[in-house]
Amino acid sequence: MTLGETAQKVRQLIDEGEEGWTVKESKNEAKLYEKTVGVTKDHYPLFVGKAVLEIPATAKAIFAVYWDINSPKIWDMATVADQKLLEETGEGQLVYQQHKTLSAASSKRDVVFRRKYEEQGNTIFAYAASEANPLMPENKQFARATLILHGIRIEQLNDKLSRVTLVSCLDFGGWIHEKFLEQEVSRVALRLIKIKQQFHA
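Described below are features of the structure shown in this document. (Residues numbered from 1 in each chain as written. Predicted model: local features only at pLDDT ≥ 70, side-chain atom pairs only at ≥ 80, totals over all residues. Heavy atoms only, no water.)

### Digging into the environment of Ile193
Next up, step 1: Inspection of the secondary structure assignment puts Ile193 in helix H4 (residues 179-197).
Next up, step 2: Residues Ile193 and Trp75 lie 118 residues apart in sequence; the distance between their C-alpha atoms is 8.0 Å.
Next up, step 3: Contact partners of Ile193, with chain neighbours within four places excluded, come to Asn28, Glu29, Ala30 and Leu53. (Helix = DSSP H or I, 4+ residues; strand = E, 2+ residues; numbered from the N terminus. Contact = heavy atoms within 4.5 Å.)

Structure follows, in structure tokens:
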């Protein structure tokens with residue numbers, strides 16, 4: 001998919017009601033949903049996770065936390081070991097991520113993706129997808145994951161509250177224990193919880 005096609009798909013997934021989604025148990029106030037959208041080239045199921053949470057902050061404040069290049073090491077600390085900006089153009093930001101090792105038996109993983117955002121009124125919408133780019137070729141020490149799609153919509157409800165919806169679909173690449181596929185869906189909700197925690201007194 002092109003980045004524009006990714007944006008369309010992310011919007012569609014965010015706007016969908018509960019029909020066609022499996023409601024997952026979440027250990028916090030975030031609503032969590034899961035949908036199977038295919039299989040990977042390694043024949044693992046490909047899941048999309050979607051989480052919805054109200055956060056006591058303005059859309060701009062929440063987006064600032066989400067978009068900061070270093071902040072995923074806080075709000076996505078279970079996954080991200082390091083993240084850096086490779087380039088920024090009119091086509092968005094090209095970002096490189098190294099992921100934490102899932103287990104002693106699994107490979108180190110990394111991913112390269114392009115991300116972009118749009119702002120309309122009191123709503124901010126951002127989206128991302130993997131991109132092969134010579135600025136960061138594949139490294140034999142890492143299994144290159146594929147970010148099928150990722151996106152967030154932040155809707156400001158009033159001066160003190162916003163509704164945030166996050167969707168994500170990741171192909172880990174290579175062998176992986178299937179328990180980590182379900183764990184990745186759960187982490188979609190966890191990411192929103194961690195962002196919300198940045199606004200607690």
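Now, onward.
### Comments concerning the pairing of strand E10 (residues 161-171)
Remark: a regular strand shows side chains that alternate across the two faces of the sheet.
Next up, step 1: Of all 11 residues in E10, nine are buried, a share of seventy percent or more.
Next up, step 2: Relative to E10, strand E3 (residues 45-55) is paired through seven bridges, and the arrangement is antiparallel. Each bridged residue has a counterpart across the sheet, and for Lys50 the counterpart in E10 is Val167.
Next up, step 3: In terms of strand pairing, strand E9 (residues 146-158) meets E10 through 11 bridges, oriented antiparallel. Looking at E10, one finds that Thr146 is bridged to Asp171.
Next up, step 4: Linking two consecutive strands that pair antiparallel, namely E9 and E10, is a turn of two residues. (Buried < 20%, exposed > 50% of the residue type's maximum accessible area, 1.4 Å probe, protein only. Pairing = 2+ DSSP bridges.)

### Looking at the pattern of salt bridges
Next up, step 1: Across all of its chains, the model carries 14 salt bridges by this definition.
Next up, step 2: Measuring nitrogen to oxygen at the nearest pair gives 2.5 Å for the salt bridge that ties Glu118 to Arg11. Of the two residues, Glu118 is situated in strand E6 (residues 109-120) and Arg11 in helix H1 (residues 3-15); the sequence distance between them amounts to 107 residues.
Next up, step 3: A residue is classified by how much of its surface remains accessible, and Glu118, at 32% relative accessible area, is partly exposed.
Next up, step 4: You can call Arg11 partly exposed: its relative accessible area is 33%.
Next up, step 5: Salt-bridge contacts for Lys24 lead to Glu34; the nearest nitrogen and oxygen are separated by 3.7 Å. With a gap of 10 residues between them, Lys24 in strand E1 (residues 22-24) and Glu34 in strand E2 (residues 31-39) connect regions that are remote in the sequence.
Next up, step 6: Looking at Glu34, the relative accessible area reads 8%, which means it is buried. (Salt bridge = Lys/Arg side-chain N within 4 Å of Asp/Glu carboxyl O.)

### Section: the side chain of Arg109
Next up, step 1: Among the secondary structure elements, Arg109 is positioned in strand E6.
Next up, step 2: For the buried Arg109, no salt bridge is present, and the opposite-charge side chain at shortest range is Asp171, 7.3 Å distant. (Lys, Arg positive; Asp, Glu negative; His and termini not counted.)

### Details of the side chain of Lys196
Next up, step 1: Tracing the backbone shows Lys196 in helix H4.
Next up, step 2: What makes Lys196 buried here is its relative accessible area of 14%.
Next up, step 3: Discounting chain neighbours no more than four positions away, the residues touching Lys196 are Glu29, Leu53, Glu54, Ile55 and Pro56.

### Things to note about H1
Next up, step 1: In this model H1 runs 18 Å from its N-terminal to its C-terminal C-alpha over 13 residues, within 8% of the 18 Å that 1.5 Å per residue would give.
Next up, step 2: Every buried residue of H1 is accounted for by Leu3, Thr6, Ala7, Val10, Leu13 and Ile14. The buried residues of H1 occupy an angular sector of 130° when projected down its axis, which confines them to one face. Seen from the open side of H1, the exposed residues pointing more than 90 degrees away from its buried face are Gln8 and Asp15.
Next up, step 3: Where the residues of H1 are buried, they touch E2, E3, E6, strand E7 (123-130), E9 and E10. (Expected span 1.5 Å × (residues − 1). Arc of directions from axis to C-beta.)

### Concerning the nonpolar core
Next up, step 1: Core analysis: the largest hydrophobic core is formed by 38 residues, its most contacted members being Tyr66 and Ile195.
Next up, step 2: Taken together, the elements giving at least two residues each to this core come down to E3, helix H2 (59-67), E6, E7, E9, E10 and H4.
Next up, step 3: It is H4 that provides the largest number of residues to this core, a total of eight residues.
Next up, step 4: Formed by 16 residues, the second largest nonpolar core is a distinct cluster that contains Ala7, Leu46, Tyr127 and Ala129. (Core = buried A, V, L, I, M, F, W, Y, C linked by side-chain atoms within 4.5 Å.)

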